[in-house]
Amino acid sequence: MAIGQEISLPDNGLPRVVVVGGGFAGINFAKHMRGAGYQVVLLDQNNFHQFQPLLYQVATCGIEPDGIIYPLRKLFEKYSSHFRFRMCRVERFDTGRKRIYTDAGELGYDRLVIATGSVTNFFGNAGLAKHAIGMKDIREALDIRSLMLQNLERAAATPDAAERDALTNFVIVGAGPSGVETAGALAEFRAHILKGDYPDLDVELMNIFLVQSGDCVLKGMSAHASRRALDDLRHLGVEVVLGHRVESWDGLEVRTDAGLDLRARTLIWTAGVEACPPGGIGEDGAAGGGRLRVDRFHRVAGYDGVYALGDVACMSCPEFPSGHPMVAQPAIQQGRNLARNFQRERLGKAPREFRYRDKGAMATIGKRRAVADIGKLQLGGFPAWLMWCFVHVLFLVGFRNKLLVFTGWVANYFTYDRGNRFIVRRFGEH
Ligand SMILES: Cc1cc2nc3c(=O)[nH]c(=O)nc-3n(C[C@H](O)[C@H](O)[C@H](O)COP(=O)(O)OP(=O)(O)OC[C@H]3O[C@@H](n4cnc5c(N)ncnc54)[C@H](O)[C@@H]3O)c2cc1C
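Source: prediction; values computed, not measured.

### Some details on the overall build of the chain
In terms of regular secondary structure, the chain is built from 11 helices and 25 strands. Against the globule reference of 22 Å for 430 residues, the chain gives a C-alpha radius of gyration of 23 Å, in line with a compact fold. Seen through its principal axes, the chain has C-alpha atoms that stretch 70 × 50 × 45 Å. Out of the 430 residues belonging to the chain, those deemed buried represent 53%. Within the chain, contacts between residues at least 6 apart in sequence are counted, and of these 64% link residues at least 24 apart. Approximately 19,400 Å² of the chain is accessible, and the part contributed by carbon and sulfur atoms is 52%. The averaged location of the 46 negative side-chain charges in the chain is 9 Å from the averaged location of its 53 positive side-chain charges.

So this is what it looks like as structure tokens:
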């Protein structure tokens, strides 16, 4: 389609609300808009929703990629009376003319909902951005899987001991939930898969380094959870390096600000995210970290009829002065609240302020090892791990995906096997 051409959409006589982003916030908004008196148009650069909390399992050969992504058209197949999906990348908004410009053409809106999530934050380090792999979408998860397996294949084949060392050193930067979970999963890969699959590689050779600039892991969780996760990681043989900020990696040499110097051919970056919405919202609507400043009704400051939800939105309130945490629950709850306010408006009722219900935080370190902070309750070990499994299956989108992941985990629980050790698409060749 020529750029500048209008994206084709049916005219059903209803005002149009365009939602940009089919993540947790976007799909929860769109789902609750039935009967609100709008034509809802969802735009996303992918034709699928992805469940980011389990990306690390795809990256470490734990589950199939199609267990955690779900087609957006299938998700909304029963909503065709008021809903349309168009796959395109939104480039910018013209809020004066109420137009959206995309790589597939342009379209107009009556209301605009921005739910574009976040991207990996390399904190301005161009070298790291060039070489390291983030873990923000399914392609990156598959890249990590390919790179890890390719490096093990190369390690098995090389006669050069120093190169073999570098190929079997794995560095994960950032000890938040994603980094901790990835490190734990790699440690389990080493314990249960490496020996059988690569009899020529000494298990001791594979080193997993988890590097964190602060002085603890899982900083956002309780001290109990943080301590327990650290103990579990060390028990699994992960080398946790605290107080070191990774400053450079050129594909081989890793350097930190506190003098650590090691050689590794794999570096996974889970150290931070930032919002990066399409252009068109000026300084008045901007908050820190690329986020958009919204009020308690999700309205972007200074822009009439424009709303923002989820990671991209910064709603400052007494409990969260710099906005809600960039995790799934605020996105889900904000999507629902805004849709309900649209419904209320139709009934002539006043909108409701958003109030976040914190359902707690959890992270798994490996099989039967997890930590969970639920209100005042602090759990660890097997009960926390069971709860973690239950919550993740519950929140996966689509019955088929729930079944796929659940049966995969049950099989893995008894066999310790990880079934997806395929290099389908070599990393570095695309
Ligand atoms: C590896 C990882 C692990 C995580 N683990 C957890 C966890 O255990 N628990 C938890 O609560 N949270 C976790 N999170 C955070 C959670 O996934 C996010 O907070 C949540 O996805 C935010 O939802 P969202 O709808 O705002 O954005 P997203 O879910 O990121 O969705 C944004 C959507 O917008 C689309 N998009 C972006 N830009 C454009 C554009 N220009 N044009 C068209 N489409 C666009 C994207 O394709 C995407 O579909 C994790 C995140 C990651 C990366």
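### Examining the sheet that holds strand β23 (residues 361–366)
As summarised here, the arrangement of the three strands in space is β23-β24-β25, forming an open sheet in which the pairing is antiparallel. Every other strand in the sheet has two partners, leaving β23 and β25 (377–380) as the edge strands with one partner each. Neighbour-to-neighbour, the strand axes of this sheet turn through a mean angle of 5°, independent of strand direction. In terms of strand pairing, β23 meets strand β24 (residues 369–374) through five bridges, oriented antiparallel. Each residue of the ladder has a partner; that of Gly366, found in β24, is Arg369. In this fold helix α10 (residues 381–395) packs onto β23, β24 and β25, with an angle of close to 75° to the strand it touches most, β24.

### Quick notes on helix α7 (residues 177–197)
In a regular helix each residue adds 1.5 Å, so 21 residues correspond to 30 Å; α7 covers 28 Å between its end C-alpha atoms and thus fits that length. The largest bend in α7 is about 40°, located at Arg190.

### Quick word on the environment of Trp388
Topologically, Trp388 is positioned in helix α10. Overall, the relative accessible area of 1% leaves Trp388 in the buried class. Here the alpha-carbon distance between Trp388 and Val312, two residues 76 residues apart in the chain, equals 26 Å. In this structure Trp388 touches Leu54, Tyr56, Gln57, Glu181, Met362, Ala363, Thr364 and Trp409, once residues within four positions along its chain are discounted.

### Some words on the packing of aromatic side chains
One pass over the structure, following the stated rule, counts 12 aromatic pairs. Taken together, the ring pairs in this structure connect Phe29, Tyr38, Tyr307 and Phe342 into an aromatic cluster. Its end group placed over the ring of Tyr79, Arg34 keeps NZ or CZ at 4.4 Å from the ring centre.

### Notes on the site of the ligand
Taken together, 26 residues surround the ligand, and among them Ala25, Asp44, Val90, Asp311 and Ala328 come closest. In the environment of the ligand, an oxygen atom lies 3.1 Å from a nitrogen or oxygen atom belonging to the backbone of Phe24. Contacts to the ligand include Asp311, whose side-chain N or O atom sits 2.9 Å from an oxygen atom. Surface burial for the ligand is 89%, taken as the share of its 1,000 Å² of free accessible area covered by protein chains. For the shell around the ligand, the two domains that each supply at least three residues are domain 1 (16–45 + 88–120 + 274–346) and domain 2 (126–271).

### Looking at the pairing of strand β15 (residues 246–249)
Bridge count between β15 and strand β16 (residues 253–256): three bridges; the pairing is antiparallel. The residue of β16 that forms the bridge with Val246 is Thr256. In this antiparallel pair of consecutive strands, β15 and β16, the connection spans three residues, and Gly251 shows a positive phi of 100°.

### Observations regarding the nonpolar core
In terms of nonpolar packing, the biggest core is built from 93 residues, with Phe29 and Leu54 touching the most fellow members. When residues of this core are assigned to domains, at least three map to each of domain 1 (16–45 + 88–120 + 274–346) and domain 2 (126–271). Sequence-distant contacts of Phe29, defined by excluding residues within four places in its chain, comprise Val17, Val19, Val113, Leu309, Gly335, Leu338, Ala339 and Phe342. By size, the runner-up hydrophobic cluster in this structure holds 27 residues, among which are Val20, Val90, Leu112 and Tyr356.

### Points about the domain arrangement of the chain
Split into domains, the chain comes out as domain 1 (16–45 + 88–120 + 274–346) and domain 2 (126–271). Taking only C-alpha atoms into account, the centre of domain 1 sits 35 Å from that of domain 2. Each partner contributes residues to the interface: domain 1 has four residues there, and domain 2 has five residues. Taken over both partners, the interface formed by domain 1 and domain 2 buries close to 260 Å², and the fraction arising from carbon and sulfur atoms is 52%. Scanning the region where domain 1 abuts domain 2 turns up zero salt bridges. Across the domain 1-domain 2 interface, the total number found is one residue pair in polar contact (both at pLDDT 80 or more). Residue classes in the side of domain 1 that touches domain 2 are distributed as one nonpolar, two polar and one charged.

### Notes on empty space enclosed by the protein
The final tally for this structure, using the stated rule, is one cavity of 30 Å³ or more. Considered as a void within the structure, the largest cavity measures approximately 50 Å³ in volume. Together, Glu188, His192, Ile193, Lys367, Asn412, Tyr416 and Arg418 line the largest cavity. For the lining of the largest cavity, the per-class residue count stands at two nonpolar, two polar and three charged.

How each quantity is defined
- Residues numbered from 1 in each chain as written.
- Predicted model: local features only at pLDDT ≥ 70, side-chain atom pairs only at ≥ 80, totals over all residues.
- Heavy atoms only, no water.
- Helix = DSSP H or I, 4+ residues; strand = E, 2+ residues; numbered from the N terminus.
- Rg over C-alpha atoms; globule rule 2.2 N^0.38 Å.
- Buried < 20%, exposed > 50% of the residue type's maximum accessible area, 1.4 Å probe, protein only.
- Contact = heavy atoms within 4.5 Å.
- Areas by Shrake-Rupley, 256 points an atom, 1.4 Å probe, with all protein chains shown as cover.
- Lys, Arg positive; Asp, Glu negative; His and termini not counted.
- Charge placed at Lys NZ, Arg CZ, Asp CG, Glu CD.
- Pairing = 2+ DSSP bridges.
- Axes fitted to C-alpha atoms, helices over the stretch in contact; angles between N-to-C directions.
- Expected span 1.5 Å × (residues − 1).
- Bend = angle between axes of the 7 residues up to and from the residue.
- Phe/Tyr/Trp six-rings, centres within 6.5 Å; stacked < 30°, edge-to-face > 60°.
- Lys NZ or Arg CZ within 6 Å of the ring centre and 35° of its normal.
- Near = heavy atom within 4 Å.
- Polar contact = N/O pair within 3.5 Å; in protein donor to acceptor, adjacent residues only side chain to side chain.
- Domains from an automatic or database assignment.
- Core = buried A, V, L, I, M, F, W, Y, C linked by side-chain atoms within 4.5 Å.
- Buried area = accessible area lost by both parts, 1.4 Å probe.
- Salt bridge = Lys/Arg side-chain N within 4 Å of Asp/Glu carboxyl O.
- Nonpolar A, V, L, I, M, F, W, Y, C, P; charged D, E, K, R; others polar.
- 1 Å grid on protein atoms, 1.4 Å probe; cavity = no way out; pocket = protein on both sides within 12 Å on 5 of 7 lines; lining within 4 Å.
- Points joined across faces, edges and corners; volume = space filled by probe spheres on them.

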